[in-house]
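# Chains, contacts and geometry: an overview
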Amino acid sequence: MIEIHNIKKSYVSRSKTVIALDNISLSVKEGEIFGIIGRSGSGKSTLIRCINLLEKPDQGQVIFNHSNLMSLSDAHLRQARQQMGMIFQHFNLLANKNIYDNIALPLRIKKMPEKEIEKIIMPLIQLTDLEQRVENYPAQLSGGQKQRVAIARALATKPSVLLCDEATSALDPETTLSILQLLQKINRDMNLTIILITHEMDVIKQICHRIAVMEHGKIIKEQDTIEFFSHVSSEADNEVVESYLQQEIPELLGSVMTQQVATDTDPIWRICFQGDAVSLPLVTTLVNNFQIEVNILQAQIDYIQGIAVGIMIVEVAGHDAQLKEGLDYLRQQQITVEVLGYVPRNAIRPA
Amino acid sequence: MSQEMLYALLNAWVETIYMVVVSGGLGLLFGLPLGAILYLTGKSGILENVVIYRGLGTTVNAVRSIPFIILIIALIPLARLIVGTSIGSSAAIVSLTIGAIPFVARMVENSLQEVPKGLIEAGLAMGATPLQIMLQIIIPEAISGIINGATITLITLVGYSAMAGAVGGGGLGDLAMRYGYQRFDVTIMLVTIAVLIIMVQLIQWAGDFLAARLSHT
Ligand SMILES: Nc1ncnc2c1ncn2[C@@H]1O[C@H](COP(=O)(O)OP(=O)(O)O)[C@@H](O)[C@H]1O
Ligand SMILES: [Mg+2]
């Protein structure tokens, strides 16, 4: 549906050049909610603005529904933009137009007759729960209501994709949740593809099917959300990704853990499990069936879009052969186990 | 006050209104699009164009920097060309209009710049053309600023029209000058001043009312 190939974008100012996007490629499938997360200044806004060419990449291609946007004439680009909705952090509503006229604006721009406009807008007003607010002006609405107006406005032209630039960043947690639920409903009911950027991991956890992590103008990781939070990863993650996973190694390990195996050391495992595996009696099995001593250092279960994702950090003690068997058993259950390091035996037992 | 004086006052009042309304109207007619062009072609405008912006901007600044009394005299030949005479209210309207256009243009440019850039982005993202963005987004959002600008322009023109006496344009200012200053007729001067104050107040009140009605921020 949307494919980005090797786009680069830099901003040149008097003194220096900022590379905002450094050779980014991305492909977003129809019907998915794709989340882009990154720290402030990592290039998220620039990236999403390149999708509807509010920002023109210096090089590379942006393909939307099989057409190469960068080769379109101005008139054709405007038509393509009418098939993409966009919402913003600060809503960008017209202060001097009432809610109805705000939502109607994209259709008036398309020169649609007023009769047809009304037919399209009334259901949108219902969907966004604004029936009581039609005659109001934006200044009379709360932040959440304003964003709902912006969503209705973005949907008016029946776009096939919705671009959200920090759409919930100006809202309180409760309102954020209600907006995310609305986006999720729209995604399901209308099969609308959604691309959203955010700096809040909770937003990704709530609704995104896939996630890309940005840093310094690059995508440093791109993964299915559940897999991301279950640490299913082939390569070591950098600190930015680790920070989003909120998986700092427990402090008491930091000082004693090494990567060296010795005769008197025990391994530290990070065990990640999801879905049905959460209900498996993992620790009991390790203890009873493999005679492995398990010392739980940290454990948490998170629910991501209704799926349980559990993470445990444990110190294990036992004979090498038993440890290996235990590890194999866990991996057969589709459980990810990572050996984080080794600690001297008894070093971290409570005194 | 004699019947004759009353008649002179009424006559001067009509002349002032005539000059202010016609030059104000023409000033807005040409100043609005000029201001819009300055806004569009200015730095990071939708149709940014350094050559056009610099050219128009310099002209606007040049006209604005000429003291109005000098502008009136300098424009005598132009008035003769356009209205066929170099004296009277109609001749004064030529210089008042030329003076008002750049004034209005800068007011409009400033008002348009007050519109948040995010609204332009929203318009572009909707697939609007630059003209649609201007007419359906920026101007409606800037309307109260533009009305305030128009109000200030009209009030300034009331003041400037007093100098129209220099080319025999008449009007209240001229009347006050001739009777009040040259003949020491205090009554007529005070009455003229009162009428001017009331006119300015009315314009201000009407402008504020309209701006408030059209703004919903
Ligand atoms: N119009 C611009 N002019 C100059 N630099 C810009 C501009 N827009 C963004 N940048 C720079 O590009 C980088 C990425 O910005 P942005 O995409 O806004 O990041 P994010 O949305 O992730 O916070 C930043 O270093 C920012 O300063
Ligand atoms: Mg941003």
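Predicted, not measured: the structure shown is a model, and the values here were computed from it. (Residues numbered from 1 in each chain as written. Chains lettered and ligands numbered in written order. Predicted model: local features only at pLDDT ≥ 70, side-chain atom pairs only at ≥ 80, totals over all residues. Heavy atoms only, no water.)

## Some words on the overall build of chain A
Definition in use: Think of it this way: any DSSP run of H or I at least four residues long counts as a helix, any run of E at least two long counts as a strand, and we number them from the N terminus. Partly exposed residues are those whose accessible area sits between 20% and 50% of the maximum for their type, while under 20% is buried and over 50% is exposed, using a 1.4 Å probe and protein chains only. Residues count as neighbours in contact if any of their non-hydrogen atoms are within 4.5 Å of one another. Working definition of accessibility: Shrake-Rupley area with a 1.4 Å probe, residue cover restricted to the visible protein chains. Only four residue types enter the tally: Lys and Arg on the positive side, Asp and Glu on the negative side; His and the chain ends are excluded. By convention, the charge on Lys lies at NZ, on Arg at CZ, on Asp at CG and on Glu at CD.
Across its full length, chain A holds twelve helices and 14 strands. Overall size of chain A, expressed as C-alpha extent along the three principal axes, is 80 × 50 × 35 Å. Expressed as a percentage of the 351 residues in chain A, the buried residues total 52%. If you take every contact in chain A between residues at least 6 apart in sequence, the share linking residues at least 24 apart comes to 70%. Only carbon and sulfur atoms are counted for the fraction: they give 47% of the accessible area of chain A, which is about 16,700 Å². Side-chain charges in chain A split into 33 positive and 41 negative, and the spacing between the mean points of these groups amounts to 11 Å.

## A look at the pairing of strand β10 (residues 218–224) of chain A
All names here are of chain A. Quick reminder of the rule: DSSP calls a pair of strands paired once it identifies at least 2 bridges connecting them.
As paired strands, strand β9 (residues 210–215) and β10 are joined by six bridges and run antiparallel to one another. Residue pairing across strands places A212 opposite E222, the latter belonging to β10. Hairpin connection from β9 to β10: two residues lie between these consecutive antiparallel strands, with H216 at a positive phi of about 50°.

## Quick notes on the interface of chain B and chain A
What counts here: Buried area is a sum: the accessible area each of two parts loses on coming together, probed at 1.4 Å, counted once for each and added. The rule for a salt bridge is simple: a side-chain nitrogen of Lys or Arg has to be within 4 Å of a carboxyl oxygen of Asp or Glu. N or O atoms closer than or at 3.5 Å make up a polar contact, with two conditions inside protein: a donor-capable atom paired with an acceptor-capable one, and, for residues adjacent in sequence, both atoms drawn from side chains. Each residue receives one of three labels: charged for Asp, Glu, Lys and Arg, nonpolar for Ala, Val, Leu, Ile, Met, Phe, Trp, Tyr, Cys and Pro, and polar for the others, Gly being one of them.
On the side of chain A, 23 residues touch chain B, which itself brings 21 residues to the contact. Summing the contributions of chain B and of chain A, the shared interface buries around 2,000 Å²; its carbon and sulfur component is 58%. It is A125, M126 and H216 of chain B that lose the most area in chain B upon contact with chain A, and together they represent 32% of the buried surface on that side. Linking chain B with chain A are one salt bridge, by the criterion used here. A salt bridge links R49 of chain A to E121 of chain B; the shortest N-O distance between them is 2.4 Å. Here chain B and chain A share eight residue pairs in polar contact (both at pLDDT 80 or more) between them. Here the element with the most residues in the side of chain B that touches chain A is helix α7 (residues 130–161) of chain B; it accounts for seven residues. Within the side of chain B that touches chain A, the residues separate by chemical class into eleven nonpolar, eight polar and two charged.

## Re the sheet that holds strand β11 (residues 265–274) of chain A
Residue and element names in this part refer to chain A. Here is the rule we go by: Fitting a line to C-alpha atoms yields each axis, with helices limited to the stretch in contact; the angle taken between N-to-C directions then spans 0 to 180 degrees.
Reading across the sheet, the four strands line up as β12-β13-β11-β14 and stay open at both edges, with antiparallel pairing between neighbours. Either end of the sheet is taken by a strand with one partner, and the two such strands are β12 (293–304) and β14 (336–344). Averaged over all neighbouring strand pairs, the angle between strand axes comes to 15°, with direction disregarded. Each of β11, β12 and β13 (307–317) is contacted by helix α11 (residues 282–290), which is oriented at about 155° to β12, the strand it contacts most. Docked against the sheet, helix α12 (residues 320–332) engages β11, β13 and β14, running at close to 10° with respect to β11.

## With respect to the site of ligand 1
Residues and elements named next belong to chain A. Convention followed: The near set for a molecule or strand comprises every residue that places at least one heavy atom within 4 Å of it.
Around ligand 1, the neighbouring residues are Y11, V18, A20, R39, S40, G41, S42, G43, K44, S45 and T46. At 3.2 Å, a backbone N or O of S42 approaches an oxygen atom of ligand 1. Its free accessible area being 560 Å², ligand 1 has 59% of it covered by the protein chains. Per-element accounting of the shell around ligand 1 gives the leading share, three residues, to helix α1 (residues 44–51).

## Quick word on the pattern of salt bridges
All names here are of chain A. The final tally for this structure, using the stated rule, is 16 salt bridges over all chains. Across the pair R210 and E32 runs a salt bridge whose closest N-O atoms are separated by 2.7 Å. With a gap of 178 residues between them, R210 in strand β9 and E32 in the loop between β2 (17–28) and β3 (33–38) connect regions that are remote in the sequence. Here R210 matches E32 in class, with each residue buried.

## A short note on the layout of surface pockets
To keep it simple, the criterion reads: The rule is simple: put a 1 Å grid over the protein atoms alone, call a set of points where a 1.4 Å probe fits but cannot get out a cavity, call an open set with protein on both sides within 12 Å along at least five of seven lines a pocket, and count a residue as lining if it has an atom within 4 Å of a point. Grid points are joined across faces, edges and corners, and a volume is the space filled by probe spheres set on the points.
In this model, the largest pocket occupies a volume close to 700 Å³. What lines the largest pocket is a set of 27 residues, among which S44, G45, I46, I120 and L124 of chain B lie closest to the centre. When contributions to the lining of the largest pocket are tallied by element, the ones reaching two or more residues are α2 (74–81) of chain A together with α1 (3–41), α5 (89–113) and α6 (117–125) of chain B. Its residues assigned to classes, the lining of the largest pocket shows twelve nonpolar, five polar and ten charged. Approximately 440 Å³ is the volume found for the second largest pocket. Around the second largest pocket, the lining is made up of 24 residues, and of these A95 of chain A together with E114, P116, E141 and T217 of chain B lie nearest the centre.

## A look at the nonpolar core
For clarity, the cut-off: Nonpolar core, defined: a set of buried Ala, Val, Leu, Ile, Met, Phe, Trp, Tyr and Cys residues in which side-chain atoms within 4.5 Å join the residues together.
In terms of nonpolar packing, the biggest core is built from 54 residues, with L183 and F228 of chain A touching the most fellow members. No other element matches helix α5 (residues 143–155) of chain A, which puts six residues into this core. Setting aside anything within four residues of it in sequence, one finds F228 of chain A in contact with M201, I211, V213, K221, Q223, V241, Y244 and L245 of chain A. Grouped together as the second largest cluster of nonpolar side chains are 51 residues, M86 and L94 of chain A together with A36 and I133 of chain B included.

## A look at the sheet that holds β3 of chain A
Residues and elements named next belong to chain A. The sheet built from six strands is open, its strands ordered β6-β7-β8-β3-β9-β10 with mixed pairing. Only two strands of the sheet have a single partner each, and these edge strands are β6 (84–88) and β10. Averaged over all pairs of adjacent strands, the angle between their axes in this sheet comes to 15°, without regard to strand direction. Running at roughly 155° to strand β8 (residues 193–198), α1 makes contact with β3, β6, β7 (161–165), β8 and β9 of the sheet.

## Let's talk about the side chain of S23 of chain B
All names here are of chain B. Relative to the assigned elements, S23 resides in helix α1. Of note is the side chain of S23, whose polar atom sits 2.6 Å from the backbone oxygen of M19. With near-sequence residues (within four places) excluded, S23 lies in contact with I93, L96, T97, A100 and L157.

## Brief notes about helix α8 (residues 172–182) of chain B
Buried within α8 of chain B are the following residues: L172, G173, D174, L175, A176, Y179 and G180 of chain B. Lining the buried residues of α8 of chain B we find α1 and α9 (186–214) of chain B.

## Focus: empty space enclosed by the protein
Taken as a whole and assessed by the stated rule, the structure comprises six cavities of 30 Å³ or more. Taken as a whole, the largest cavity spans an internal volume of roughly 120 Å³. What lines the largest cavity is a set of 14 residues, among which G85, M86 and A154 of chain A together with A125 and M126 of chain B lie closest to the centre. Breaking the lining of the largest cavity down by element, the ones donating at least two residues are β6 and α5 of chain A together with α6 of chain B. The element best represented in the lining of the largest cavity is β6 of chain A, accounting for four residues. Among the residues forming the lining of the largest cavity, the class breakdown is nine nonpolar, three polar and two charged.

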